Amino acid sequence: MKVLNLTFFSLPFVTAFIITYFTYTSLWTAWFDFLLWTSVTLGFFQFITTFIQTKGALNYSLPYAIKVSKFRVAAFVTAYNENPEIVKKTLLSVKAALGNRGTVFLLDDSTKPEIIRELSEFCKSNGIVYFHRTERRGFKAGAINDAIKALGDEYDLVAIFDADQRPTKSFFDIVLPFFEDPRVAFVQIPQYYEKTKSLIGQGARYQQEPFLRRIMRGRDLRSAFSLGSGTVYRISALKEAGMLEENSVTEDIATSVKIHEKGYISKYVDLPLIWYGTPPTEVSAYITQQSRWALGGFQLIGTLLNSDLDFRTFMDYVSGVFYWLEVGPFTLVQIAAPITFMFGIYFLKLSPMIYVSAYVPYFVFSFYYFYYLMRGTEYGLKGFILHQALEYIEFIGVTASFFAWVLKRKVPFKVTAKGRSARSMRPLIYHVVILTLLVASIVKGILLISGAGPLQLWSIGVNLFWASWHYFFLITGVYISIASMSEEEKSYLSFLS
């Protein structure tokens, strides 16, 4: 099985290498040719895996469970220097949902004395166990592991909620019966974002729709992974897998791999059983969130390549790695390609008509399938544009995470800011530079048209299309980033300009 998994992982890169051999123009540019073809093959393999994953998603259904489960539950709310009022509301909602099935714990890693004092007093007066550490080994995963070890064998299940993720009253009524199947190691409930006027926040919400409504449904009972909050684990399975992974910034997915490697299955319950959380509403918070998720995906590569996962499960997880590679460093390659061509560096030996004949049908079909897949959701054209624009905004942060992983740089865990965070528009400086280069390449391409022959016209046309495509989504991303700024941030930006 491991040989098959390794073969699948390497296939996009091997395919790109073979195509490069037949299309490179010189040894000086062959490396760029290889990177460009790799971006194409990664996108194709990701589409194939998405197609396979989502075949059953449209027929997804949930059984109606009437059996009363007798599991003892430890419900953990995790917090780190969070707004105490948000934490209090979450604790009370968890307590109301849990009822007499177990105990509510606040795992508070806060370092601010005033927050520690306020939350500990609140817990004492509301029958909630307050758990606080003086050092933050393993961050959130470490806090959960330490708390589970301190509990002994008193509980069967552990439920985990972020500070702003509040379960509905029926949460445990619906979730617990699934654990009657001893193969189920954990149940995951999707996280919903509240609606917001911020275009960044709206885009972040739309970005989750294809993943939560289709991909995770398709991975149900096979490879649906923990999302960190709204997860209920079977404690015995968690212990068998070595507890939560503490060496990854996305401990949820890393732990899921370890559990699935043991032969357990996971259940994805796509119901609104958690009150809406707050999305990142400005560009700095959004890029911080996506960069952290991406770094976790890259950190997963070694674990996956050394795992004994069955092929289908391995393929599902690898598709996520391919996604981050494509959104990050290979988006940079795709943007650089038309700019490089327009300024006279011809790195690809391929008839543009062959390229159009081969690529356009795939391009059209992938768009049609995505439209078909998202029918019946709120996604629509607005969702698609905001989704794509945000991917163009995040790609520099994701690329930085890729190189942090390659260089083995330690990146401190950062909690995604709730609501508006610190003023920081610095990430957009790089995007403005790229936009300038794209505009220059488009102008240069238009000027080249007048003296071009028939074959050159095809080449110029292809590269003008991609330069315009990148420009549209990148300028849209910059616009929504600025539109989502607070008035104070806009004043600061105006002062700088």
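Before going into details, it helps to say that this report is about the structure given with it. All values derive from a computational prediction rather than experimental measurement.

**Remarks on the overall build of the chain**
In terms of regular secondary structure, the chain is built from 17 helices and seven strands. A compact globule built from 497 residues should have a C-alpha radius of gyration of about 23 Å, and the chain, at 24 Å, falls within 12% of that. Considered along the principal axes of its C-alpha atoms, the chain spans approximately 80 × 60 × 45 Å. In the chain, which comprises 497 residues, the share counted as buried stands at 54%. Taking the 48 positively charged and 39 negatively charged side chains of the chain as two groups, their mean positions are separated by 2 Å.

**Considering helix 14 (residues 380-406)**
With 27 residues, helix 14 should cover 39 Å at 1.5 Å per step; its first-to-last C-alpha distance of 37 Å lies within 8% of that length. Remark: the principal bend of helix 14, roughly 45°, maps to Glu394. Once helix 14 finishes, Lys408 follows within two positions and takes phi at roughly 60°, a positive value.

**Some details on the pattern of salt bridges**
One pass over the structure, following the stated rule, counts 20 salt bridges. Between Arg101 and Asp173 there is a salt bridge; the shortest N-O distance is 2.1 Å. Of this pair, Arg101 sits in the loop between helix 3 (84-98) and strand 2 (102-108) while Asp173 sits in helix 6 (residues 171-175), and the two are 72 residues apart along the sequence. The class of Asp173 is partly exposed, set by a relative accessible area of 42%. Between Arg213 and Asp270 there is a salt bridge; the shortest N-O distance is 2.6 Å. Note that Arg213 is positioned in helix 7 (residues 199-218) and Asp270 in the loop between strand 7 (265-268) and helix 10 (283-305), a separation of 57 residues in sequence. For the pair Arg213 and Asp270, one class covers both residues: buried. What you see here is one network of salt bridges that share partners, running through Asp109, Arg133, Glu135, Arg136, Arg137, Asp146 and Glu246.

**Looking at the nonpolar core**
By size, the foremost hydrophobic cluster in this structure holds 39 residues, and its most contacted members are Ile335, Leu438 and Ile480. Of all the elements in the fold, those that place two or more residues in this core are helix 7, helix 10, helix 12 (329-342), helix 13 (352-373), helix 14, helix 15 (427-449) and helix 16 (454-483). Considering every element that reaches this core, the biggest residue donor is helix 16, with 10 residues. Dropping the residues within four chain positions of it, Leu438 is found in contact with Ile335, Ile339, Ala467, His470, Tyr471 and Leu474. Grouped together as the second largest cluster of nonpolar side chains are 38 residues, Leu212, Ala224, Val327 and Val398 included.

**Some remarks on the sheet that holds strand 6 (residues 231-234)**
On the basis of which strands lie adjacent, the open sheet formed by seven strands has the order 3-2-1-4-6-5-7 and mixed pairing. The open sheet terminates on both sides in strands that have one partner only, identified here as strand 3 (129-132) and strand 7. On average, each strand axis in the sheet is tilted by 20° relative to the strand beside it, whichever way the strands run. Bridge count for strand 5 (residues 184-188) against strand 6 is three bridges, and the pairing is antiparallel. Note on strand 6: the bridge partner recorded for Phe186 is Tyr233. Of the strands in this sheet, strand 5, strand 6 and strand 7 are in contact with helix 9 (residues 251-261), which crosses strand 5 at around 150°.

**Quick word on the pairing of strand 1 (residues 73-79)**
Within strand 1, seven of the seven residues are buried, which leaves it mostly tucked inside the rest of the structure. Here strand 1 shows a buried face lined by Val73, Ala75, Val77 and Ala79 and a second buried face lined by Ala74, Phe76 and Thr78. In terms of strand pairing, strand 1 meets strand 2 through seven bridges, oriented parallel. Across the sheet, Ala74 pairs through a bridge with Thr103, a residue of strand 2. What joins strand 1 to strand 2 is helix 3, and the crossover it makes is right-handed. The pairing of strand 1 with strand 4 (residues 157-162) spans six bridges and is classified as parallel.

**Quick look at the environment of Phe44**
Structurally, the position occupied by Phe44 is in helix 2 (residues 30-53). Once the C-alpha coordinates of Phe44 and Val232 are considered, the two residues, 188 residues apart in sequence, prove to be 34 Å apart.

The rules we used
Residues numbered from 1 in each chain as written. Predicted model: local features only at pLDDT ≥ 70, side-chain atom pairs only at ≥ 80, totals over all residues. Heavy atoms only, no water. Helix = DSSP H or I, 4+ residues; strand = E, 2+ residues; numbered from the N terminus. Rg over C-alpha atoms; globule rule 2.2 N^0.38 Å. Buried < 20%, exposed > 50% of the residue type's maximum accessible area, 1.4 Å probe, protein only. Lys, Arg positive; Asp, Glu negative; His and termini not counted. Charge placed at Lys NZ, Arg CZ, Asp CG, Glu CD. Expected span 1.5 Å × (residues − 1). Bend = angle between axes of the 7 residues up to and from the residue. Salt bridge = Lys/Arg side-chain N within 4 Å of Asp/Glu carboxyl O. Core = buried A, V, L, I, M, F, W, Y, C linked by side-chain atoms within 4.5 Å. Contact = heavy atoms within 4.5 Å. Pairing = 2+ DSSP bridges. Axes fitted to C-alpha atoms, helices over the stretch in contact; angles between N-to-C directions. Right-handed = clockwise from strand over helix to strand, strands pointing away.

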